[in-house]
Amino acid sequence: MIVVNNQYPGPLIEANQGDTIIIHVRNDLDSGTGIHFHGINQIGTIWSDGVPGITQCPIPSGGSYTYNFTIQQQSGTFFWHSHLGNTQADGLMGPLIVHNPTDVYIRGRDYDHERVLFISDWKHLTAQTIINGTFTEPFHTKYAGLSLPDSILFDGAGVFNCSQAPTNAHCQQKPLPEIQVQPSKKYRFRVINPGTEAFLTVSIDNHPLNIISADETEVLGPFGIHRVLVPIGERYDFIIDTSQGKAGDAFWLRAQFCAPNFLAVPPGDTGLGLAILRYVEDGMAPSHQLPTTNDWSHPHVNATSCPDLTSDALVPAIKAEAPQTVSSTWFLDSVIGFPLTPQNVTILDFYFNNVTWTNLPYDPMLFRMHKGLSLNESIVAHTVFAQSGAADIIINNRDVTIDHPYHLHGRAFYIVARGQGALTPESYAKLPPSSSVITRTTYAILRIRTDEPGVFALHCHLGLHLVHGKMAAIVVQPQAIQNLAIPDAAIHLCDSCNFPPGVTV
Ligand code: C2O
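All residue numbers refer to positions counted from 1 along the written sequence of the respective chain. Given that this is a predicted model, residues contribute local features only at a pLDDT of at least 70 and side-chain atom pairs are listed and counted only at 80 or more, while totals for whole chains, interfaces and linings are drawn from all residues.

- If you look the protein up in an unreviewed UniProt entry, it shows as Multicopper oxidase from Hydnum rufescens UP504.
- Under the UniProt heading Sequence similarities (unreviewed entry), the entry covering the protein gives this text: "Belongs to the multicopper oxidase family."
- UniProt positions are given in the numbering used here, feature names are shortened, and annotations may be inferred rather than shown by experiment. We quote the UniProt Subunit (unreviewed entry) comment for the protein here in full: "Homodimer."

What follows is the structure, encoded as structure tokens:
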């Protein structure tokens with residue numbers, strides 16, 4: 001796997017709002033990379049957003065680059081990850097936590113301890129092997145993202161049944177991952193799903209979850225729920241109370257694939273990953289007893305539709321009012337396609353407005369705009385919001401089998417409407433807000449402020465969907481982009497950029 005500073009997940013970046021973060025990246029991989037700080041708005045530093053092709057050239061193999069940005073007006077649970085190819089799937093990622101004294105939930109008052117928890121899918125093939133497979137073999141093979149991952153990892157640790165391992169593998173059974181807690185305390189868990197394929201439902205036997213934050217938005221519940229569905233790229237923070245157990249007790253911490261995003265879970269494979277929540281006390285002898293708890297009684301336990309936390313039930317602590325009027329709109333049609341390769345093989349690609357993004361290190365859009373050049377229309381679906389104010393992005397998901405966890409860089413969005421079917425310019429209307437996961441054949445209207453110049457990536461966070469083209473870009477205030485003070489070091493990264501034929505600086 002890919003490790004950062006010899007570890008996976010990579011090192012925690014922990015900061016206060018207002019801090020300037022400086023990250024020196026030395027790329028020892030044999031391919032280029034770019035590091036994205038997922039959820040951070042990069043106010044005034046959009047060139048630090050880390051997306052090769054959109055906001056920077058890749059940091060070349062053997063090269064170095066320093067990211068430098070200040071965290072403004074944001075706090076909460078974030079993470080960082082590579083944004084080129086699907087190297088994230090091989091481990092190039094780590095958590096990023098931002099505190100703020102005016103946060104609604106404060107350690108020492110609302111909870112005693114906190115714990116960052118990366119929970120994600122894991123495959124035994126490298127991301128590049130899988131990607132190569134998806135470009136050369138029919139889409140329904142094991143590569144195409146329709147098969148289950150091999151394991152679920154909790155902070156990098158998981159257990160695989162050695163009897164299923166290839167005979168030449170050196171498989172050794174290890175203890176299950178374990179989290180230790182003390183009785184009669186309150187623990188804040190910051191759960192991050194940095195995975196590439198699997199939406200996960202997370203629960204702890206006998207422990208109601210009190211939801212306090214969704215992505216970076218602090219919420220006043222719901223409290224006392226059974227499971228939380230964490231789509232890819234999303235973060236949920238919850239508090240559990242450990243006053244119902246005593247030292248020596250152990251409970252299962254469960255993370256299970258949410259079936260709707262997959263064709264089917266094969267018989268015998270429950271798609272379930274397990275870790276242990278163990279109650280300990282100072283001076284206690286270590287215990288290796290496995291929990292005997294059951295998935296606690298709940299009417300939805302056997303449902304396959306993951307109903308426990310719907311994002312509609314989230315109660316924002318501070319009610320954010322969306323801008324009332326917009327100056328521009330953009331309709332974005334999302335469809336799956338089945339192109340033929342030159343070898344006559346049907347593969348799977350993803351399109352926005354009939355464009356499938358070519359994930360190559362071409363001249364970054366931000367730099368083209370900075371130089372006043374035009375954009376290459378066929379490389380990525382994009383729009384230009386010229387004025388400062390607000391704009392609506394209307395995403396119509398026309399895929400009948402796939403839910404997409406969309407992620408917008410650089411800006412938070414308000415979901416001002418959501419519904420079944422597709423929206424036409426005529427039927428563009430208002431409904432209650434909901435989550436950023438856009439389910440099959442539904443639409444959502446994302447309203448953004450356009451007060452900050454930049455080029456913002458908008459994409460599906462499923463690793464293979466991104467690699468197969470599900471990327472769009474929003475250019476905000478192109479005139480102002482020409483005046484951005486992009487540092488020389490960022491521009492010079494492109495000196496060693498290998499542009500594909502036909503694309504010039
Ligand atoms: Cu977390 Cu564009 O990504």
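## Comments concerning helix H1 (residues 127-136)
Piece 1. Exposure classification rests on a simple neighbour count of other C-beta atoms within 10 Å of a residue's own: a residue reaching 20 or more is buried, one at 12 or fewer is exposed, and one in between is partly exposed. C-beta atoms are placed from the backbone. Strands are runs of DSSP state E lasting at least two residues, helices are runs of H or I lasting at least four, and both sets are numbered from the N terminus onward. When we look at burial in H1, the residues that qualify are Ala127, Ile130, Ile131 and Thr134. Looking straight down H1, one finds its buried side chains confined to an arc of 100 degrees; they lie on one side.
Piece 2. By definition, residues are in contact whenever their C-beta atoms, placed on the basis of the backbone, come within 7 Å of each other. The secondary structure elements touched by the buried residues of H1 are helix H3 (463-467). In this context, the arc is that of the directions from the helix axis out to the C-beta atoms.

## Regarding the pairing of strand S7 (residues 113-122)
Piece 1. The element S7 is extensively covered by neighbouring structure, given that 7 of its 10 residues are classed as buried.
Piece 2. Here 4 bridges tie S7 to strand S8 (residues 151-154), and the two strands are oriented antiparallel to one another. When the sheet's bridge partners are listed, Asp121 is paired in S8 with Ile152. For two strands to count as paired, DSSP must find a minimum of two bridges between them.

## Overview of the sheet that holds strand S14 (residues 228-230)
Piece 1. An order of S9-S17-S16-S11-S14 is seen for the 5 strands of this open sheet, with the pairing classed as mixed. The open sheet is flanked by strand S9 (178-181) and S14, the only strands paired with a single partner. Pairwise comparison of adjacent strand axes, ignoring direction, gives a mean angle of 25 degrees for this sheet.
Piece 2. Where strand S11 (residues 200-204) and S14 come together, 3 bridges link them in antiparallel fashion. From the neighbouring strand, Val202 faces S14, where its bridge partner is Val228. Every axis in this analysis is a line fitted to C-alpha atoms, fitted for helices over the stretch in contact. Angles between the N-to-C directions lie between 0 and 180 degrees.

## Structural notes on the environment of Tyr111
Piece 1. Following the sequence through the fold, Tyr111 ends up in the loop between strand S6 (93-99) and S7.
Piece 2. Those residues within four positions of Tyr111 in sequence are excluded, and the remaining contacts are Tyr105, Lys186, Tyr187, Arg188 and Ile239.

## Considering the UniProt feature "domain: Plastocyanin-like" (unreviewed entry) in the protein
Piece 1. UniProt records the feature "domain: Plastocyanin-like" (unreviewed entry) at residues 1-102, 115-281 and 386-479, using the numbering of this structure.
Piece 2. Secondary structure across residues 1-102 comprises 0% helix and 35% strand; the distance between its end C-alpha atoms is 39 Å.

## Structural notes on unusual backbone geometry
Piece 1. Residues Tyr8 and Pro9 are joined by a peptide bond in cis, for which omega reads -10 degrees.
Piece 2. Looking at the secondary structure, you find Pro9 in the segment before strand S1 (13-16).
Piece 3. The omega angle of the peptide bond from Gly221 to Pro222 is 15 degrees, so this bond is cis rather than trans.
Piece 4. Looking at the secondary structure, you find Pro222 in the loop between strand S13 (217-218) and S14.
Piece 5. Despite not being glycine, Asn6 has its phi angle at roughly 65 degrees, a positive value.
Piece 6. Inspection of the secondary structure puts Asn6 in the segment before S1.
Piece 7. Positive phi outside glycine occurs at Gln477, with the angle close to 50 degrees.

## Regarding the nonpolar core
Piece 1. Counting residues in hydrophobic clusters, the biggest one holds 112 residues, and the most contacted among them are Ile119, Ile211, Val228, Phe238, Leu366, Val455 and Ala473.
Piece 2. Those residues in contact with Ile211 that sit more than four places away from it in its chain are Val219, Gly221, Pro222, Phe223, Ile225, Val228, Tyr236, Phe238, Leu309 and Leu314. A set of buried Ala, Val, Leu, Ile, Met, Phe, Trp, Tyr and Cys residues, joined through C-beta atoms within 7 Å, is what we mean by a nonpolar core.

## Considering the sheet that holds strand S12 (residues 210-214)
Paired through backbone hydrogen bonds, the strands of a sheet run either parallel or antiparallel to each other.
Piece 1. Read across the open sheet, the 6 strands follow the order S8-S7-S10-S15-S12-S13; overall the sheet is mixed. Looking at strand neighbours, the two that pair on one side only are S8 and S13, the edges of this open sheet.
Piece 2. Bridge count between strand S10 (residues 186-192) and strand S15 (residues 235-241): 7 bridges; the pairing is antiparallel. By the bridge assignment for S15, Tyr187 is matched with Ile240.

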